[in-house]
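Residue-level structural notes
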Amino acid sequence: MSQEGIPQLDGYSEDALDRAFAELEKEVDASALEATKRGTSDAVEEFRLLWLGRKQGRLKQVSEAWLKSAPVEARKSIGLRFNALKPRIESWLVWEGWTSTQPTLDAEAIDVTLPGTHRALGAEHPLIKTMHEMVAVFQRMGYSVGVGPEVETDYYNFESLNFPPGHPARDTQDTLVVANQDRKPLRDRLLMRTHTSPVQIRTMEQQPPPVRIVIRGKVHRNDAADATHSPIFHQIEGLCVDTNITFSDLKGTLDHAMKEFFGSSVKTRFFPSFFPFTEPSADVQISCPFCGGKGCRKCKYSGWIELLGCGMVDPAVFGFVQGKQPAYDPKKISGFAFGMGVDRIAMMKYGISDISLLYSGDARFLEQFA
Ligand code: PHE
């Protein structure tokens, strides 16, 4: 029998009909098994069309070629056999073997010998990781996390932190300002925050003392990019306000935090410094955690690394908050604040020599921290 056609009928005797239909049945079973081997829903459909297709199906051809043209006497014999053929085909179509060979997937659509699609796992960026770890140190000391906007007003970034307009300390934070703000009063003009300290004021305006918050986030300064400077960088800030907070609380808190983060053998030392919003102010150095203070490349052979700025909250700052929260009365409460650059800490910790790597998004660099 040809692929397309059906066998020739060589007579209408019972024998000849038996032979012809036996051959058809063999063909039905063979094509069904053939389709099973392919095991796809396409194969089942092709099998159905081959036999039951309305226009080209073989049953249709049998009916045209054998039944319709048969002499009247032979029609009953042919019809009986013909009628038995259709259920045989249909029983194949409902046969459970189809589904057990290929329940859900097309076998030919999957080559199980091919390597799978490789999806690399994501990992924390070294900067984010450092921030999380440092923030966690303060959270364990009972600090909660504060957040604030990266686009700030002149008032929150400077004025309320005791940098009046024209104050020279503004020059230490070369500021990126938002364009076309000149018609607004200075205090409302927008800029990219130069430090996380404005969140101190925003937090105190929202809640009365006591306050213990740690703030992490992005800050911007108009610094020319080089190996250690980037116009975008990150800070972690802390603020503690309560009754009877003293400079020794500040020293104890930072000493403990540095030991937690860098290791218990690290020492801290405090030097006088200046920030408009703290009085007195200090810069803090830690003994080099890499060489134990003996001197190495990371501490530039000094044994010490300068890490943060801090001080007691200047009473003038509480004065700015009092309009909204009268409980910030500098006669009754006191506090300390500190701020540190995360990028430098991350670079030191991971031995990264160029800050721009933290912002390049180069997967070959980032993969090393996965
Ligand atoms: N905001 C200061 C800076 O960016 C750091 C600082 C924060 C100093 C809090 C003292 C207290 O330089």
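As a reminder, the structure under discussion sits directly above these lines.
Below: a short report on this structure. All values reported here derive from a predicted model rather than from experimental measurement.

**A few points about the pattern of salt bridges**
A side chain of one charge can pair with a side chain of the opposite charge when the charged atoms of the two come close. Per the counting criterion, the structure on display carries 20 salt bridges. The network of salt bridges with shared partners includes Glu14, Asp18 and Arg81.

**A closer look at helix H4 (residues 72-93)**
Along its 22 residues, H4 runs 32 Å from first to last C-alpha, staying within 8% of the 32 Å computed at 1.5 Å per residue. Its maximal kink placed at Ile78, H4 deviates by approximately 25 degrees. By the burial criterion, the buried members of H4 are Ala74, Ser77, Ile78, Gly79, Arg81, Phe82, Leu85, Ile89 and Trp92.

**Overview of the site of the ligand**
Around the ligand lies a shell of 15 residues, among which His195, Ser197, Arg221, Gln235 and Phe338 are the nearest. Note that a nitrogen atom of the ligand is positioned 2.9 Å from one of the side-chain N or O atoms of His195. The separation between a nitrogen atom of the ligand and a polar side-chain atom of Ser197 is 2.9 Å. Protein contact buries 92% of the 330 Å² of open area that the ligand shows by itself.

**What to know about the layout of surface pockets**
Taken as a whole, the largest pocket holds about 810 Å³ of empty space. For the largest pocket, the lining is made up of 38 residues, of which Arg221, Phe233, Gln235, Gly339 and Gly341 are closest to its centre. Contributions of two or more residues to the lining of the largest pocket are made by strand E5 (232-242), strand E6 (268-275), strand E7 (278-287), strand E8 (304-313), strand E9 (334-341) and helix H11 (342-350). Here the residues of the lining of the largest pocket sort into 16 nonpolar, 15 polar and seven charged. What the second largest pocket holds in volume is close to 580 Å³. Around the second largest pocket, the lining comprises 14 residues; the ones closest to its centre are Thr228, Arg297, Lys298, Lys300 and Met348. Residue composition of the lining of the second largest pocket, grouped by class: six nonpolar, three polar and five charged.

Rules used throughout
- Residues numbered from 1 in each chain as written.
- Predicted model: local features only at pLDDT ≥ 70, side-chain atom pairs only at ≥ 80, totals over all residues.
- Heavy atoms only, no water.
- Salt bridge = Lys/Arg side-chain N within 4 Å of Asp/Glu carboxyl O.
- Helix = DSSP H or I, 4+ residues; strand = E, 2+ residues; numbered from the N terminus.
- Expected span 1.5 Å × (residues − 1).
- Bend = angle between axes of the 7 residues up to and from the residue.
- Buried < 20%, exposed > 50% of the residue type's maximum accessible area, 1.4 Å probe, protein only.
- Near = heavy atom within 4 Å.
- Polar contact = N/O pair within 3.5 Å; in protein donor to acceptor, adjacent residues only side chain to side chain.
- Areas by Shrake-Rupley, 256 points an atom, 1.4 Å probe, with all protein chains shown as cover.
- 1 Å grid on protein atoms, 1.4 Å probe; cavity = no way out; pocket = protein on both sides within 12 Å on 5 of 7 lines; lining within 4 Å.
- Points joined across faces, edges and corners; volume = space filled by probe spheres on them.
- Nonpolar A, V, L, I, M, F, W, Y, C, P; charged D, E, K, R; others polar.

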